[in-house]
Amino acid sequence: MLRQVADYLSTVSKRGKVFRYGSDQFAVELRHEKRGKNAEEELRRALENIKERFRHPWIYEEESVHLSATTVCVNYPGDGDSLENLVEVLDYSVMYAKRQGRGSVVFTENVDLHAMRKEKAIEKAVEEGRGIYSNIRKTILFLLSSNIGEVICMLLAAIAGLPSPLIAIHLLWVNLITDSLPAVALGADKKPDDIMSDQPRDPKESLFSHGGYLLTFGYGLLIGIATLIAFLIPAWQQYGFTFNFSNLSAYYSNEALKEEGQGMAFCVLSLSELFHMIGMTNTKKSFICVFKNKNPLLWISFFAGFALQFLVRLVPGINYVFKIASDANTWGGNVHGLDYLWVML
């Protein structure tokens, strides 16, 4: 369809050219050495021809399609002595013309460029402000939901009479590494392309409005339960079908088993928060859209967090410091082959 429009517009000017100016915008060049009756007559005739053509339907795939045309007339060098100035005037004039309604014809003499520049600057400031607010909000919700997940895990374990799934150095590591790096990445994230399509925000509304509470406590509950389940996996692996929830305290009287369970919980909590960061980049769309994200800090923090976590879990000496391997002299301690399958699931 746009090709048909471009082909028609190329017949409007005998000596000029037609350029694609935007998604559905075209620029038609009318060439004259100086402005005079001939130039004005050609412009008037071109405007009438365009208006007349758009009164009739266009044929696309054997169907009739009605289109409308909003026309802006810009003069060079009167409206701009350089391409940059001319494009700026054209942008403001197009914005003004669209507000006049379909089929309107606008000359730059009728456009208050100063007011349009001021309005554009205000719009840009609002867009930047929305982007900053969006990043602050999702960073806060990410940190709160992550920490709520830690609290839920510890609380449920205490209620069930289990040993602590995480020790102090695990929580310190999570808060310093797998919380801070993703939070920095989310804070530096680029604003969504459709951010200006959102309705204006009420200045009195809570940070948790529009699903903020559900995000915070929903993700927190999911992370907490997943971490607690990971803590129970080693006991289930060892005892198989004889595993009984009523004997959990007895199972974890075995220090080696408890240590392995804490290692599993530690890894699941850390990796869950890295994936949680990906989900928080845009809560309105599928996580697939994240792969189009051009924020390098997002991927640096994700893979750096992964690498550091595996370093802590597998390297002899370091894993001994974090008390997640019973044998510090063996690569990976007492890690079973299925452990990391469960972690990734």
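Chains are numbered independently. Their residues run from 1 in the order of the written sequence. Per-residue local features of the predicted model are confined to residues with pLDDT of at least 70, and side-chain atom pairs are confined, for both listing and counting, to 80 or more; whole-chain, interface and lining totals are unaffected and use all residues. Only hydrogens and water are set aside when side-chain values are computed; all heavy atoms of the structure are taken into account.

## What to know about the overall build of the protein chain
- Looking only at helices and strands, one finds 12 helices and six strands in the protein chain.
- In this scheme, a residue with accessible area under 20% of its type's maximum is buried, one over 50% is exposed, and one in between is partly exposed, where area comes from a 1.4 Å probe on protein chains only. With 345 residues in all, the protein chain has 37% of them scored as buried.
- When contacts within the protein chain are restricted to residue pairs at least 6 apart in sequence, long-range pairs at least 24 apart make up 66% of them. Helix and strand assignments follow DSSP, with helices taken as H or I runs no shorter than four residues and strands as E runs no shorter than two, numbered in order from the N terminus. Whether two residues are in contact is decided by their heavy atoms: any pair within 4.5 Å suffices.

## Structural notes on the packing of aromatic side chains
- Ring geometry is summarised as follows: Phe, Tyr and Trp rings, the Trp one being its six-membered ring, pair when their centres sit within 6.5 Å, and such pairs are stacked at plane angles under 30 degrees, edge-to-face over 60 and tilted between the two. In this structure the tally under the stated criterion is 11 aromatic pairs.
- Residues Phe208 and Tyr213 carry aromatic rings whose centres are separated by 4.8 Å and whose planes lie at 20 degrees to one another, so their mutual orientation is stacked.
- When the centroid spacing of 5.4 Å and the interplanar angle of 80 degrees are considered together, the rings of Phe275 and Phe302 count as edge-to-face. Of this pair, Phe275 sits in helix H9 (residues 255-280) while Phe302 sits in helix H10 (residues 296-314), and the two are 27 residues apart along the sequence.
- In this structure an aromatic cluster arises from ring pairing among Phe275, Trp299, Phe302, Phe303, Phe306 and Phe310.
- In our convention, an over-ring charge means Lys NZ or Arg CZ found within 6 Å of a ring centre and within 35 degrees of that ring's normal. Its guanidinium or amino end placed over the ring of Trp58, Arg53 lies 3.7 Å from that ring's centre, counting from NZ or CZ.

## What to know about a nonpolar patch on the surface
- On the surface, a nonpolar cluster with roughly 630 Å² of combined accessible area is contributed by Val151, Leu155, Leu156, Ile159, Leu221, Ile225 and Ile229.
- Elements with a minimum of two residues in the nonpolar patch: helix H4 (113-159) and helix H7 (212-239).
- Considering each element in turn, the nonpolar patch owes the most residues, four residues, to H4.
- As for its position among the elements, Ile159 is in helix H4. The patches described consist of residues with a relative accessible area above 30% and no salt bridge, like charges being joined within 9 Å and nonpolar side chains (Val, Leu, Ile, Met, Phe, Trp, Tyr) within 5 Å. What sets the accessible areas is the Shrake-Rupley method with a 1.4 Å probe; for residues, cover comes only from the shown protein chains. A side-chain nitrogen of Lys or Arg and a carboxyl oxygen of Asp or Glu constitute a salt bridge if their distance falls within 4 Å.

## What about the packing of H9 against H10?
- Between H9 and H10, the shortest axis-to-axis distance is 10 Å and the interhelical angle comes to 175 degrees. Relative to H10, the element H9 is oriented roughly antiparallel. Packed against H9, whose contacting residues are Gly263, Phe266, Cys267, Ser270, Leu271, Leu274, Phe275, Met277 and Ile278, the element H10 presents Leu298, Trp299, Ser301, Phe302, Gly305, Phe306, Gln309, Val312 and Arg313 at the interface.
- All amino acids are sorted into three groups, where Ala, Val, Leu, Ile, Met, Phe, Trp, Tyr, Cys and Pro are nonpolar, Asp, Glu, Lys and Arg are charged, and the leftover types, Gly among them, are polar. By residue class, the composition of the contact of H9 with H10 is 12 nonpolar, five polar and one charged. Orientation is described by lines fitted to C-alpha atoms, with helices fitted over the stretch in contact, and by angles between N-to-C directions that extend from 0 to 180 degrees. Roughly parallel covers angles under 35 degrees, roughly antiparallel covers those over 145, roughly perpendicular covers 65 to 115, and oblique covers all other angles.

## Some words on H10
- To estimate how far a helix should extend, the number of its residues minus one is multiplied by 1.5 Å. Helix length check: H10 (19 residues) gives 27 Å between terminal C-alpha atoms against 27 Å at 1.5 Å per residue, within 8%.
- Of all the residues in H10, the buried ones are Leu298, Ser301, Phe302, Gly305, Phe306, Gln309, Val312 and Arg313. What you see down the axis of H10 is that its buried residues fit within an arc of 135 degrees, all on one side. Within H10, the exposed residues directed more than 90 degrees away from the buried face are Pro296, Ile300 and Phe303.
- Structurally, the start of H10 carries an N-cap: the backbone nitrogen of Leu297 is 3.2 Å from a side-chain oxygen of Asn295. The arc in question is the one spanned by the directions pointing from the helix axis to the C-beta atoms. We define a polar contact as two N or O atoms separated by no more than 3.5 Å, with the added condition that, inside protein, one atom must be a possible hydrogen donor and the other a possible acceptor, whereas residues neighbouring each other in sequence contribute only through side-chain atom pairs.

## Quick word on the packing of helix H5 (residues 168-178) against H10
- The contact between H5 and H10 brings their axes to 11 Å, and the two run at 155 degrees. Relative to H10, the element H5 is oriented roughly antiparallel. Of the two possible hands of crossing, H5 and H10 adopt the one that is right-handed. Judged by residue contacts, Trp173, Ile177 and Thr178 of H5 engage Leu308, Gln309 and Val312 from H10.
- Its residues placed into classes, the contact of H5 with H10 shows four nonpolar, two polar and no charged. Crossing chirality is assigned from the near helix's rotation relative to the far helix, an anticlockwise turn below a right angle marking it left-handed and a clockwise turn marking it right-handed.

## Points about unusual backbone geometry
- The backbone of His210 sits at a positive phi, close to 60 degrees, despite the residue not being glycine.
- For His210, the location among the structural elements is in the loop between helix H6 (180-187) and H7.
- A relative accessible area of 69% places His210 in the exposed class.

## What about the side chain of His276?
- Along the chain, His276 falls in helix H9.
- Engagement of the side chain of His276 in a polar contact is seen with the side chain of Ser145, the distance being 2.6 Å.
- Those residues in contact with His276 that lie beyond four places of it in its chain are Phe142, Ser145, Ser146, Tyr219 and Ile223.

## Structural notes on the pattern of salt bridges
- Evaluation of the coordinates by the stated rule reveals four salt bridges.
- With a closest N to O distance of 2.9 Å, Glu128 and Lys191 form a salt bridge. Of the two residues, Glu128 sits in helix H4 while Lys191 sits in the loop between H6 and H7, which places them 63 residues apart along the sequence.
- For Lys191, a relative accessible area of 25% puts it in the partly exposed group.
- A salt bridge links Lys138 to Asp189; the nearest nitrogen and oxygen atoms lie 2.9 Å apart. On the criterion of sequence distance, the pair formed by Lys138 in helix H4 and Asp189 in the loop between H6 and H7 is long-range, its members being 51 residues apart.
- A relative accessible area of 7% places Lys138 in the buried class.
- Residues participating in the shared-partner salt-bridge network are Lys124, Glu128 and Lys191.

By themselves these figures say nothing about function.
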